[in-house]
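# Understanding the architecture of this molecule
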Amino acid sequence: MHRVLITGASGFIGAHVTRRLRGLSVEVHAVSRGPRASLHGEIWHQCDLREEEATAALMRAIRPQVVFHLAGEVSGRREVAMVSETLGGNLLTAVNLLAAATRTPARLVFAGSVEEPHAGSVAPHSPYSAAKAAATGYAMLFHHLWNIPVTVLRIAMVYGPGQEDLSKLVPYVATELLQGRSPQVGSGTRLVDWVFVDDVVDALVAAALSGAADGQALDVGSGTGTSIRATVDLLHRLAGTSVAPVYGAIADRARDRAHLADVRPAEEVLGWRAATPLAEGLARTLRWYAGRLVPQAALHAPAFHRPQPAFHGPLDEPEQQPR
C-alpha cells in the first residue's frame, strides 16, 4: 500500500486515517467537492463523486492501490427530502467508485454503518441506513460478478479526540461539562455501541492490507451496548465537575433502536478487535477538549493537568449520534 485515495479525508475518521497513513510514509490523495488546504501532507483533488465520469477520471489520474471511501451524506433525519440526499451522497458515490475500479483496479474499503439491516425482513430505520445498506449490496455485487476487491466495514458509533461537531453526544456533553454547564439530554435509555476512533483506523488499515476480507461486510464496534445515560454519567465522573446532566430535557428521536456490532467475524477475518475500553477512550477524549476547546477547564479537573496537543482540521463523522 504505497498510494491511496481517501474520500471524506477532512472528516473525523478520515483525518485520523490520513494522519496514520502519512506516518507510514504512504502517498495520500484526498478528494473534495471544493478546494482544501493540505494539513498532513495529503494531495487534494476536486471532484463530485456523484458524477460517474468525473469519478472515473479521478481514479485514472491517481491510480491508487487502495481507496478508503469514508465520505457520505450523514443524517439520521427521517424527512422524505433525505431520500434523494442520501441516495446521491451514500449510494451513487459508492457505485461510481465501484464502476471506476472495474477499469482502474484498486482495493476498496468502504465505511458502512452498523445501522444497516442485516436481515431481509428488517426494514431500514432511516434513509441513511437504507442508502448504506444498498451501497453494501452493490459492493457485494461488484465483487461477485466482476471480482472487485472490496470490503465493507459496518462501523458502530465512533468517538474520540478531534470530533468537533458539537451536535454529537460525546463532544456536546464533554464541552458542556468542561465549561461548567449542565448538558441537556433525552431519557438516556437507548443502548449505543461505542468504538474509539483509533480502533476504527486499525480496522480500516487491516482491511486494506488483507485480501481475506474481500467481498465481505464486517461489523466494527465493541459488541457491547452502553446506555446513553451510563455514557453521560461516565463523562460526568471523569470530568470531575459539580454540574450535572439534565435527563429528559429533550425528546428522544422516534423509532431509534440499539445497533450492536457482531464482533466475531472481524476478529476471525482481520484479527481485529476493539482495544480501547470506554472509560479510557472517554478520558482521552476529555483531555483533548480540555486542552484545546476550553483549556481553562483543565485547572478544575486533576486528570487533565497535562492536556494532549490539538488535532487541527475540519472534522465530521459517518454516524448520527443520539442525544
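Everything in this summary refers to the structure shown in the same document.

Quick notes on the rules
- Residues numbered from 1 in each chain as written.
- Predicted model: local features only at pLDDT ≥ 70, side-chain atom pairs only at ≥ 80, totals over all residues.
- Heavy atoms only, no water.
- 1 Å grid on protein atoms, 1.4 Å probe; cavity = no way out; pocket = protein on both sides within 12 Å on 5 of 7 lines; lining within 4 Å.
- Points joined across faces, edges and corners; volume = space filled by probe spheres on them.
- Helix = DSSP H or I, 4+ residues; strand = E, 2+ residues; numbered from the N terminus.
- Nonpolar A, V, L, I, M, F, W, Y, C, P; charged D, E, K, R; others polar.
- Axes fitted to C-alpha atoms, helices over the stretch in contact; angles between N-to-C directions.
- Left-handed = near helix turned anticlockwise from the far one by under 90°.
- Contact = heavy atoms within 4.5 Å.
- Core = buried A, V, L, I, M, F, W, Y, C linked by side-chain atoms within 4.5 Å.
- Buried < 20%, exposed > 50% of the residue type's maximum accessible area, 1.4 Å probe, protein only.
- Phe/Tyr/Trp six-rings, centres within 6.5 Å; stacked < 30°, edge-to-face > 60°.

### Quick word on empty space enclosed by the protein
- Applying the stated rule across the entire model yields two cavities of 30 Å³ or more.
- What the largest cavity holds in volume is close to 80 Å³.
- Of all elements in the fold, only helix H3 (81-101), strand S5 (107-113) and helix H4 (127-146) reach the threshold of two or more residues within the lining of the largest cavity.
- Partitioned by chemical class, the residues of the lining of the largest cavity number six nonpolar, four polar and two charged.
- The computed volume of the second largest cavity comes to approximately 60 Å³.
- Lining the second largest cavity we find twelve residues, and of these Val 114, Met 157, Arg 190, Asp 193 and His 259 sit closest to its centre.
- Taken together, the residues of the lining of the second largest cavity break down into six nonpolar, one polar and five charged.

### Focus on the packing of helix H1 (residues 12-23) against helix H6 (residues 197-209)
- Where H1 meets H6, the closest approach of the two axes is 10 Å, and the angle between their N-to-C directions is 65°. Here H1 and H6 pass one another in a crossing that is right-handed. The residues of H6 that touch H1, namely those facing Phe 12, Ile 13, His 16, Val 17, Arg 20 and Leu 21, are Val 197, Asp 198, Val 200, Val 201, Asp 202, Leu 204 and Val 205.
- Residue composition of the contact of H1 with H6, grouped by class: nine nonpolar, one polar and three charged.

### Side note on the nonpolar core
- Counting 39 residues, the largest nonpolar core has Ile 13, Phe 68 and Leu 153 as the members making the most contacts within it.
- Tallying contributions element by element places H6 first for this core, with nine residues.
- Of all hydrophobic cores here, the second largest spans 27 residues; its members include Met 59, Leu 108, Phe 142 and Ile 148.

### Some thoughts on the packing of aromatic side chains
- Throughout the structure, instances matching the rule amount to four aromatic pairs.
- Ring plane angle 55° and centroid distance 4.8 Å describe the contact between Phe 142 and Trp 146, whose orientation is recorded as tilted. Of this pair, Phe 142 and Trp 146 both sit in helix H4, four residues apart, roughly one helical turn.
- Among the residues examined, Phe 142 registers a relative accessible area of 9% and is labelled buried.
- For Trp 146, a relative accessible area of 46% gives the class partly exposed.
- With a centroid separation of 4.8 Å and an interplanar angle of 80°, the aromatic rings of Trp 288 and Tyr 289 are classed as edge-to-face.

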